[in-house]
Amino acid sequence: MKKIMLLGSGELGKEFTIAVKRLGQYVIAVDSYNNAPAQQVADEREVINMLDGAALDKIVAKHKPDIIVPEIEAIRTERFYEYEKQEIQVVPSARAANFTMNRKAIRDLAAKELGIRTAKYAYAKTLDEFKKAVAEIGIPCVVKPLMSSSGKGQSVVKSEYDIEKSWNYAMTGTRGDLMEVIIEEFIKFNSEITLLTVTQKSGPTLFCPPIGHRQERGDYQESWQPHPVSEKDLSDAKEMAGKVTEALTGAGIWGVEFFLSDNGVYFSELSPRPHDTGMVTLAGTQNFSEFELHSRAILGLPIPEILLERTGASAVILASKEGSSPTFSGVMEALADKKTDIRIFGKPTTRPYRRMAVALVYDAVGTAIQPLIEKAKTIAGKVNVN
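Novice: Where do I start with the overall build of the protein chain in this structure?
Specialist: Within the protein chain one finds 11 helices and 22 strands. For 386 residues, the compact-globule formula gives about 21 Å, and the C-alpha radius of gyration of the protein chain, at 20 Å, lands near that figure. Seen along its three principal axes, the alpha-carbon backbone of the protein chain occupies a region of about 55 × 50 × 45 Å. Relative to its 386 residues, the protein chain shows a buried fraction of 57%. A separation threshold of at least 6 residues defines the contact pool for the protein chain, and within that pool the share at least 24 residues apart is 62%. Here the protein chain has roughly 16,200 Å² of accessible surface; of this, 49% comes from carbon and sulfur atoms. Distance between charge centroids for the protein chain: 3 Å, based on 48 positive and 50 negative side chains.

Novice: What exactly am I supposed to notice about the sheet that holds strand β4 (residues 67-70) here?
Specialist: Sheet strands pair by backbone hydrogen bonding; their relative direction is either parallel or antiparallel. Pairing is parallel in the open sheet, where five strands are placed in the order β3-β2-β1-β4-β5. One side of each edge strand has no neighbouring strand; the edge strands of this open sheet are β3 (44-47) and β5 (89-90). Where strand β1 (residues 3-7) meets strand β2 (residues 26-31), five bridges bridge the pair, whose relative direction is parallel. By the bridge assignment, leucine 7 is partnered in β2 with valine 30. Relative to β1, helix α1 (residues 11-21) is tilted by about 170 degrees, and along the sheet it contacts β1, β2 and β4. Set on the sheet, helix α2 (residues 53-63) makes contact with β1, β2, β3 and β4; between it and β1 the angle comes to about 160 degrees.

Novice: Would you mind going over the sheet that holds strand β8 (residues 155-157) with me for this structure?
Specialist: Reading across the sheet, the four strands line up as β6-β9-β7-β8 and stay open at both edges, with antiparallel pairing between neighbours. Of all the strands in the sheet, just β6 (121-124) and β8 have a single pairing partner and so form its edges. In this sheet, adjacent strand axes meet at a mean angle of 30 degrees when their direction is disregarded. As paired strands, strand β7 (residues 141-145) and strand β9 (residues 181-185) are joined by five bridges and run antiparallel to one another. For lysine 144, the partnering residue across the bridge sits in β9 and is isoleucine 182. Helix-sheet contacts for helix α7 (residues 163-173) involve β6, β7, β8 and β9, and the interaxial angle to β8 is about 160 degrees.

Novice: How do you make sense of the side chain of serine 314 when you look at a structure like this?
Specialist: You can see serine 314 is positioned in strand β16 (residues 311-318). For serine 314, a relative accessible area of 0% puts it in the buried group. There is a polar contact of 2.9 Å between the side chain of serine 314 and the side chain of tyrosine 220. In terms of polar contacts, serine 314 uses its side chain to reach the side chain of serine 223, at 2.7 Å. In this structure, serine 314 is in contact with Tyr220, Gln221, Glu222, Ser223, Val280, Val358, Ala359, Leu360 and Ala376, ignoring residues within four places of it in sequence.

Novice: Is there a simple way to think about the pattern of salt bridges in this case?
Specialist: Oppositely charged side chains may form a pair once their charged atoms are brought near each other. The tally for this structure, following the rule as stated, stands at 25 salt bridges. The closest approach of N and O atoms between lysine 144 and glutamate 269, which form a salt bridge, is 3.3 Å. Of this pair, lysine 144 sits in strand β7 while glutamate 269 is found in strand β15 (residues 264-271), placing the two residues 125 residues apart along the sequence. With respect to class, lysine 144 is no different from glutamate 269; both count as buried. Each of Glu11, Asp219, Asp276, Lys347 and Arg355 takes part in a single network of salt bridges with overlapping partners.

Novice: What is the right way to look at the pairing of β7 in this model?
Specialist: Across a regular strand the side chains alternate sides, sitting on one face of the sheet and then on the other. Burial within β7 is extensive, with five of its five residues counted as buried. Of the strand pairs in this sheet, β7 and β8 are connected by three bridges, and their pairing is antiparallel. Directly across from cysteine 141, in β8, lies its bridge partner valine 157.

Novice: What should I look at first to understand the packing of α1 against helix α9 (residues 290-299) in this one?
Specialist: Each pair of packed helices can be described by the angle between their axes along with the distance between the axes. Their axes nearest at 8 Å, the elements α1 and α9 cross at an angle of 60 degrees. Viewed along their axes, α1 and α9 adopt a mutual orientation that is oblique. As α1 runs across α9, the sense of the crossing is right-handed. Along the contact surface, α1 presents Leu12, Glu15, Phe16, Ala19 and Val20, while α9 presents Glu290, Phe291, Glu292, His294, Ser295, Ile298 and Leu299.

Rules and cut-offs
- Residues numbered from 1 in each chain as written.
- Predicted model: local features only at pLDDT ≥ 70, side-chain atom pairs only at ≥ 80, totals over all residues.
- Heavy atoms only, no water.
- Helix = DSSP H or I, 4+ residues; strand = E, 2+ residues; numbered from the N terminus.
- Rg over C-alpha atoms; globule rule 2.2 N^0.38 Å.
- Buried < 20%, exposed > 50% of the residue type's maximum accessible area, 1.4 Å probe, protein only.
- Contact = heavy atoms within 4.5 Å.
- Areas by Shrake-Rupley, 256 points an atom, 1.4 Å probe, with all protein chains shown as cover.
- Lys, Arg positive; Asp, Glu negative; His and termini not counted.
- Charge placed at Lys NZ, Arg CZ, Asp CG, Glu CD.
- Pairing = 2+ DSSP bridges.
- Axes fitted to C-alpha atoms, helices over the stretch in contact; angles between N-to-C directions.
- Polar contact = N/O pair within 3.5 Å; in protein donor to acceptor, adjacent residues only side chain to side chain.
- Salt bridge = Lys/Arg side-chain N within 4 Å of Asp/Glu carboxyl O.
- Parallel < 35°, antiparallel > 145°, perpendicular 65-115°, else oblique.
- Left-handed = near helix turned anticlockwise from the far one by under 90°.

Written as structure tokens, this is what we have:
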């Protein structure tokens, strides 16, 4: 049995904890607030500010974990190098966590060091630098804080009137203390995909069938698997994902995001952990969910193959107002439909647009995707967060 410290205890961490507990492991779930979703199913919990390096060092010394699994970006990740020196396994690795928690590091690695195809981009630390970068990249362009998650602080500059507004929004959406943004060329893409990529301690890199998704406010609203991708584009995406995960090192699952355009595939970004769009795998679309794959990979357990077993779709269930101790109505109506399921995350408080649950639908392999997406949205619409 391994002692695993989970840093960040949201809904993705909760499903990971359930998966790894089924394999007989011990989990300490850490978050900035008490009773976070993963803490409800873990063996122990800690509540700290994970951007406080001294607080992080203290709980690592207290619990002496075998494995540290980051679930969020807002962590003092430079401490991970020291933990690796203490022979603690950091997932996927200290290098991977440090690079991917910062969009600047990962973009420069992909574009400059590995020669992977990305949108044109620039950085800015001040409003003046930002205005110059927008002029250089051109309007429209996409603006993101270098450190954020779930689309926080992300916007599109569509005219000169949007420039200051986008800058201010990015500053409010940044996580941690890194006040810098990336400005990206707006790619005219046909669709976005997540290619869940599994790196193993021993064994080849594996790829899940591509997942399509739609975003609003920079956050995913629906995802589906599989997403139709040409053989050439899928081959190119796998090659890029393989290159960047190999360069970052370590074992675990990665959510590697790509734009699919008329001109081929563009690398967008990646997360070194289960991806929110990958919650569709909870609908049984694969023989192993993304959380089960992550668990096996970090423990060094074999993954003989990844098989597509169903076509599926997910749709988020959002809160509409601020509150505490939420209740859910419409669950009975939602579950009355065949081949449907929901997951309620157990978050103790609500705020507008906070993701509180997810609706899941599925059918046989080869089923048309669009009707399933619409069905997932309908099921999600039946559930109200009160």
